[in-house]
Amino acid sequence: IDEGKNQIKSIPPRMSADELLAQAEQEHSDEKVLDVTPKGVQQALIGLTKLARKNALQRAKYSANPEQYMESELALHQHLQAFSAVATQPQLFVGITTDLSLFSELLTHDNTDIATTMMHVLVEWLEDSDDDDDD
């Protein structure tokens, strides 16, 4: 069952394991996964900056026609969600703090989904994962 679409999918009887894997990867290829290494985070920051810039330009150019910039907003939103993974690697915060202005801009983005996602990412980054301090 594909829970995201609430559809039942049948598996063709003659698909090999490799073909099934390729099909699954194809279906989920739009999901962003962050490489949680210093280089991966740096590349993701560069990509996020480019997406934010592209979205801002499209919003300004097509302000009366939101359909024209919806794709860039979706890409920006998906890319931003991937940054939640950094919460699992606190040592990577050093690389992120080089571009705090980008994150503050995203907190005030006109699309509330993007602003809310940025807030959720920040909460995940700042959330204390050490439960031992509660004693």
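Coordinates for the structure precede this section.
What this report covers is the structure whose coordinates are included nearby. (Residues numbered from 1 in each chain as written. Predicted model: local features only at pLDDT ≥ 70, side-chain atom pairs only at ≥ 80, totals over all residues. Heavy atoms only, no water.)

## What about the environment of Q68?
Structurally, Q68 can be placed in the loop between helix 2 (38-61) and helix 3 (70-81). Between the C-alpha atoms of Q68 and Q58, which are 10 residues apart in sequence, the distance is 7.3 Å. (Helix = DSSP H or I, 4+ residues; strand = E, 2+ residues; numbered from the N terminus.)

## Observations concerning the pattern of salt bridges
A full pass over the atoms with the stated rule returns 2 salt bridges. One salt bridge in this structure joins R59 and E73, with 2.4 Å as the shortest N-O distance. Highlighted residues: R59 in helix 2 and E73 in helix 3, separated in sequence by 14 residues. The exposure class assigned to E73 is buried, which follows from its relative accessible area of 3%. A salt bridge links D110 to R59, with the nearest nitrogen and oxygen atoms 3.6 Å apart. Here R59 lies in helix 2 and D110 lies in the loop between helix 5 (100-107) and helix 6 (112-126), a separation of 51 residues in the sequence. Take D110: its relative accessible area is 62%, and that puts it in the exposed class. Salt bridges sharing partners connect three or more residues here, namely R59, E73 and D110. (Salt bridge = Lys/Arg side-chain N within 4 Å of Asp/Glu carboxyl O. Buried < 20%, exposed > 50% of the residue type's maximum accessible area, 1.4 Å probe, protein only.)

Keep in mind these values describe shape, not function.
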